[in-house]
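Observations on the three-dimensional arrangement
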Amino acid sequence: MRPPDRCLLTTRDFSILQSQLERTDLFGNPILPLIRDKLSAAEVVFPEDIDPRVVTLNSRVVFRVNDGPAETRVVVHARENDLIGVTIPILIPRGLALLGMAEGQQATPDGPRQPDRIDVVEVAFQPEAARRALGDDVPANQQSDPADARPAPRNPPLTSGAIDLAAQRFVRNRAKLRKGPAGNGGPGPSAA
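As the structure is a computational prediction, the values presented were derived from the model and not from experiment. Residue positions within a chain follow its written sequence, with the count starting from 1. The predicted nature of this model means local features are confined to residues of pLDDT at least 70 and side-chain atom pairs, given and counted, to a pLDDT of 80 or more, with totals for whole chains, interfaces and linings taken over all residues. Note that the side-chain values use all heavy atoms of the structure and ignore hydrogens as well as water.

Numbering goes from the N terminus for both helices and strands, where a helix is a DSSP run of H or I of at least four residues and a strand is a run of E of at least two. Summing up its helical and strand segments, the protein chain has five helices and seven strands in all. Along the protein chain, helices and strands appear, N-terminal first, in the series β-α-α-β-β-β-β-α-β-β-α-α. For the protein chain, the share of sequence-separated contacts (at least 6 apart) that also reach a separation of at least 24 residues comes to 59%. Of the roughly 10,800 Å² of accessible surface on the protein chain, 52% is carried by carbon and sulfur atoms. Note on contacts: a residue pair is in contact if any heavy atoms of the two residues lie within 4.5 Å. Per-residue accessibility takes into account occlusion by the displayed protein chains alone, with areas from the Shrake-Rupley method and a 1.4 Å probe.

A separate point is helix H1 (residues 11-21). Exposure is judged per residue with a 1.4 Å probe applied to protein chains only, and the accessible area is read against the type maximum: over 50% gives exposed, under 20% gives buried, and values in between give partly exposed. Inspection of H1 places Asp-13, Phe-14, Ile-16, Leu-17 and Gln-20 among the buried residues, and these make up the whole buried set. Down the axis of H1, the buried side of the element spans an arc of 160°, and every buried residue falls inside it. The inward-facing, buried residues of H1 contact strand E1 (7-10), helix H2 (31-41), strand E2 (42-45) and helix H3 (93-98). As used here, the arc is the angular range of directions from the helix axis to the C-beta atoms.

Here Thr-10 is to be found in strand E1. Counted as a polar contact is a pair of N or O atoms within 3.5 Å, where, for protein atoms, one must be capable of donating a hydrogen and the other of accepting one, and residues adjacent in sequence contribute only when both atoms are in side chains. Polar contacts involving the side chain of Thr-10 include one to the main-chain amide nitrogen of Asp-13, which spans 3.0 Å. The residues touching Thr-10, leaving out its near neighbours within four places in the chain, are Val-44, Val-45, Pro-47, Ile-50, Thr-56 and Glu-128.

A few words now on the sheet that holds strand E5 (residues 87-89). One open sheet accounts for five strands, arranged E5-E4-E3-E7-E6; its pairing is mixed. Of all strands in the sheet, those with a lone pairing partner are E5 and strand E6 (106-107), marking the two edges. Bridging between strand E3 (residues 60-65) and strand E7 (residues 118-125) involves six bridges; their strand directions are antiparallel. Among the inter-strand pairings, Arg-64 is bridged to a residue of E7, identified as Asp-119. Any two strands between which DSSP finds at least two bridges are classified as paired.

Of all eight residues in E7, six are buried; the element is thus mostly enclosed. Sheet analysis places E6 next to E7, joined by two bridges and oriented antiparallel. Residue pairing across strands places Ala-107 opposite Ile-118, the latter belonging to E7.

To continue, consider the pairing of E1. The alternating pattern of E1 places Cys-7 and Leu-9 on one face and Leu-8 and Thr-10 on the opposite face, and all of these are buried. Of the strand pairs in this sheet, E1 and E2 are connected by four bridges, and their pairing is parallel. Paired with Thr-10 across the two strands is Val-45, which belongs to E2.

Turning next to the pattern of salt bridges. One speaks of a salt bridge when a side-chain nitrogen belonging to Lys or Arg is within 4 Å of a carboxyl oxygen belonging to Asp or Glu. What the rule picks out here adds up to six salt bridges. With a shortest N-O distance of 3.3 Å, Glu-71 and Arg-73 are connected by a salt bridge. The class for Glu-71 is partly exposed, based on a relative accessible area of 23%. Classification of Arg-73 as buried rests on a relative accessible area of 19%. A single salt-bridge network, built from bridges that share partners, covers Asp-67, Arg-117 and Asp-119.

As a further point, take the nonpolar core. The set of buried Ala, Val, Leu, Ile, Met, Phe, Trp, Tyr and Cys residues whose side-chain atoms join them within 4.5 Å is what this entry labels a nonpolar core. Leu-9, Leu-17, Ile-35 and Leu-98 are the most contacted members of the largest nonpolar core, which has 29 residues in total. Of all the secondary structure elements, the ones that give two or more residues to this core are E1, H1, H2, E3, H3 and E7. A total of five residues in this core trace back to one element, the largest contributor, which is H2. One finds Leu-8, Val-45, Ile-50 and Ala-102 within the second-largest nonpolar core, a separate group that totals five residues.

Here's what the structure looks like:
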């Protein structure tokens, strides 16, 4: 894969890619060298510091392949989360190429066919930016002043389209799993 000019990964996304290198079911898979290339080229930042225009896991991204029409997909971790026409997993070359790219960047992922050029048109939704907008990542005494120099998230309001609903459902379900049924961060009731 010819990497883009700059690849930014959150600490979480970097860790997930690292763990993929250790999975025995991927040995011999042609995606492994691409993951190694991505990790070696990446600059790693904390989730609260990632630019809202960078593709992270669970981001909804608008992109073009070669000179084709713009496509919108949610970047997901694995194929079991894949909804055809709605998501793109990072365990395929195009999905891996998108992870860490910023709006306006291009990459050429390797693949079974002739290499494609991928252009990131827009990051329409980024979960880290959405959490910052809600103030979930930053303790109340450390939240930034409205005059802060950090650019405001450019995420448009979510609409009722199928992709938007899938992204909302995915983020909402992840939040429920983290908080547990009592909403206090606990694991919830046991099966005993």
